[in-house]
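Listed below, chain by chain, are the residues.
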Amino acid sequence: MTRVFSGVQPTGDIHIGNYLGAMKHFVDLQDAHECFFCVVDLHALTIPQDPDVLRRKTIEVAGIYLAIGLNPTKTTLFVQSHVPAHSELSWLLECITYFGELSRMTQFKDKSAGKENVSVGLFTYPDLMAADILLYDTNYVPVGADQKQHLELTRDIAQRFNNRFGETFVVPEPLISEVGARIMSLSDPEKKMSKSAEDEVGRINLLDTPEIVKKKIMRAVTDSENSIYYDPDKKPGLSNLLTLMSVQTGRSIEEIAADYDGKGYGLLKKDLAEVTVNTLKEIQDKYYGLSQDEIKRVLSDGAARAETIATKTLQKVQQKMGLRY
Ligand code: TYM
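Computed from a predicted model, the values in this text were never measured in an experiment.

S.K.: Quick question: what am I supposed to make of the nonpolar core here?
M.R.: Taken as a class, soluble globular proteins show a tendency for nonpolar side chains to be buried jointly. By size, the foremost hydrophobic cluster in this structure holds 55 residues, and its most contacted members are M23 and Y65. When residues of this core are assigned to domains, at least three fall in each of domain 1 (3-176 + 291-320) and domain 2 (200-287). Discounting chain neighbours no more than four positions away, the residues touching Y65 are S6, G7, V8, M23, F26, F37, C38, V39, L70 and L77. In terms of nonpolar packing, the next biggest core, distinct from the first, is built from 37 residues, V83, F123, F169 and V317 among them.

Dropping the structure here:
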């Protein structure tokens, strides 16, 4: 069976961009593949975290995994730091990654720009991500468009390792959907919707109440024209609303644009708010029905399953690199 791996950081608030760009696809993939979905708490440490908040958010993301419909009897759900092989392989991969490669990562450039004290972990972040993926002989990695460059580096590292030490790693393919892989901020639609942006009104959190969702969508920044058509360069705000509508309803963007043209932005926003509230209601109903103990039990079983596979890969890599007798 082909393998799928992906991860979500337990930082900030999980938003509808995370869900529609990546997490929704996790659910679609779980029947046809052997899936591993991870809460990547070690990645969260690359920027300062309050330890209690990090612990709480780790459980929250795991709860959201269950609430969106991931089934722990089919799929392995676990916390990255509970499987030490991730950190160990990360170091080994750092030793075959070039400084120049990591320096070219746009996410590093964006997150470090203008900051004085940038952690080394933020710089080597892509190696830990490559370790996550390569430990499980992953075939497919469902992610949003912002992770494409990290996936390309993962492929380069896997191929380099295989060339140098002999066939070891499966070279993974990214799965990036055509629509919805880059959901933009509602308040600044030139920027992607982000967990860490201070501007709360720019994102719809999966756990936002219906009133807040409606308010955020009705206030979404659009343009002063009135005609409805998709053009992310000329009409980024409106195009983002059309995308949100399309990925939630399964209807094409063209069809939706034609439907609302001439009826004004207000009606589109009102209907989008209703659709979004319904999407979130289903998730929230399940989320608030989960107990902490239940979530922790799933994570503990998941870590045990993941560890068996990860440790085998790690030992193979250590052997190839000359670390074991
Ligand atoms: P993270 O936690 O930032 O985001 C989780 C997933 O959501 C996607 N995403 C978006 N998709 C559409 N529109 C947006 N505005 C948007 N913002 C975020 C991300 O692309 C991601 O798929 N480095 C990763 C976590 C990670 C990982 C991995 C992923 C660690 N190890 C191994 C895959 C495989 C990250 O920070 O995702």
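S.K.: In this structure, what is going on with the site of the ligand? I would like to understand it.
M.R.: Taken together, 27 residues form the shell around the ligand, and within it Y125, D132, D146, I183 and K195 come nearest. Between the ligand and Y125 there is a distance of 2.7 Å, counted from a nitrogen atom to a side-chain nitrogen or oxygen. With respect to the ligand, the backbone of I183 contributes an N or O atom lying 2.8 Å from a nitrogen atom. In the complex, the protein chains occlude 97% of the 710 Å² of accessible area that the ligand would expose alone. Counting residues per element, the ones that place at least two in the shell around the ligand are β1 (3-8), α1 (16-29) and α7 (120-134). Grouping the amino acids of the shell around the ligand by side-chain chemistry returns twelve nonpolar, eleven polar and four charged.

S.K.: Help me understand the pattern of salt bridges, please; the structure alone is not making it clear to me.
M.R.: As a working rule, side chains carrying opposite charge can pair if their charged atoms are close by. Following the criterion strictly, the structure yields 18 salt bridges and no others. Among the salt bridges present, the one from E173 reaches R155, with a minimum N-O distance of 3.9 Å. On the criterion of sequence distance, the pair formed by E173 in strand β5 (residues 173-175) and R155 in helix α8 (residues 148-165) is long-range, its members being 18 residues apart. Judged by its relative accessible area of 23%, R155 is partly exposed. Note that E255 is salt-bridged to R251, the shortest N-O span being 3.3 Å. Classification of E255 by relative accessible area gives partly exposed; the value is 40%. Three or more residues joined by partner-sharing salt bridges are found here, namely E200, R203, D208 and K216.

S.K.: Any chance you could explain the environment of A85 here in plain terms?
M.R.: With respect to the helices and strands, A85 occurs in helix α4 (residues 85-94). Overall, the relative accessible area of 5% leaves A85 in the buried class. When the C-alpha atoms of A85 and A306 are compared, they prove to be 9.7 Å apart, with 221 residues separating the residues in sequence.

S.K.: Looking at this structure, how should I read the domain arrangement of the protein chain?
M.R.: The parts lose accessible area when they come together, and the size of an interface is often stated as this lost area. Annotation of the protein chain at the domain level lists domain 1 (3-176 + 291-320) and domain 2 (200-287). Using only C-alpha atoms to locate each centre, domain 1 and domain 2 end up separated by 30 Å. On the side of domain 2, 15 residues touch domain 1, which itself brings 14 residues to the contact. Contact with domain 2 buries surface across domain 1, with I16, L20 and A67 losing the most and accounting together for 43% of the total. Linking domain 1 to domain 2 there are zero salt bridges. Our count for the contact surface shared by domain 1 and domain 2 stands at two residue pairs in polar contact (both at pLDDT 80 or more).

S.K.: Sorry, what's going on with the side chain of Q80 here?
M.R.: For Q80, the position within the fold is in the loop between β3 (76-79) and α4. Within the structure, Q80 has its side chain in polar contact with the backbone nitrogen of D41 (distance 3.4 Å). Within the structure, Q80 has its side chain in polar contact with the backbone nitrogen of L42 (distance 2.9 Å). The contact partners of Q80, leaving out residues within four places of it in the chain, are C38, V39, V40, D41, L42, H43, H86, L128 and D132.

S.K.: What should I look at first to understand the packing of helix α10 (residues 236-249) against helix α12 (residues 265-287) in this one?
M.R.: Helix packing for two helices is described by the angle between their axes and how far apart those axes are. Running from N to C, α10 and α12 point in directions that differ by 40°, and their axes come no closer than 10 Å. Taken as axis vectors, α10 and α12 run oblique relative to one another. In the crossing of α10 with α12, the sense of the turn from one axis to the other is left-handed. In this structure, α10 contributes L238, L241, L242, L244, M245, Q248 and T249 to the contact, and α12 contributes Y265, L268, K269, D271, L272, V275, T276 and T279. Here the contact of α10 with α12 is built from residues that sort into nine nonpolar, four polar and two charged.

S.K.: What should I look at first to understand the side chain of D41 in this one?
M.R.: Within the fold, D41 resides in helix α2 (residues 41-44). Buried charge without a partner: D41 forms no salt bridge, and the closest opposite charge is R55, 8.9 Å away. Apart from residues no more than four positions distant in its own chain, D41 is found in contact with P10, L54, T58, V79, Q80 and S81.

S.K.: What exactly am I supposed to notice about α7 here?
M.R.: Between its terminal C-alpha atoms α7 stretches 22 Å, which fits the 21 Å expected from 15 residues at 1.5 Å a residue. Among the 15 residues that make up α7, 13 are buried, leaving the element largely enclosed by the rest of the structure.

Definitions and limits used
Residues numbered from 1 in each chain as written. Predicted model: local features only at pLDDT ≥ 70, side-chain atom pairs only at ≥ 80, totals over all residues. Heavy atoms only, no water. Core = buried A, V, L, I, M, F, W, Y, C linked by side-chain atoms within 4.5 Å. Buried < 20%, exposed > 50% of the residue type's maximum accessible area, 1.4 Å probe, protein only. Domains from an automatic or database assignment. Contact = heavy atoms within 4.5 Å. Near = heavy atom within 4 Å. Polar contact = N/O pair within 3.5 Å; in protein donor to acceptor, adjacent residues only side chain to side chain. Areas by Shrake-Rupley, 256 points an atom, 1.4 Å probe, with all protein chains shown as cover. Helix = DSSP H or I, 4+ residues; strand = E, 2+ residues; numbered from the N terminus. Nonpolar A, V, L, I, M, F, W, Y, C, P; charged D, E, K, R; others polar. Salt bridge = Lys/Arg side-chain N within 4 Å of Asp/Glu carboxyl O. Buried area = accessible area lost by both parts, 1.4 Å probe. Axes fitted to C-alpha atoms, helices over the stretch in contact; angles between N-to-C directions. Parallel < 35°, antiparallel > 145°, perpendicular 65-115°, else oblique. Left-handed = near helix turned anticlockwise from the far one by under 90°. Lys, Arg positive; Asp, Glu negative; His and termini not counted. Expected span 1.5 Å × (residues − 1).

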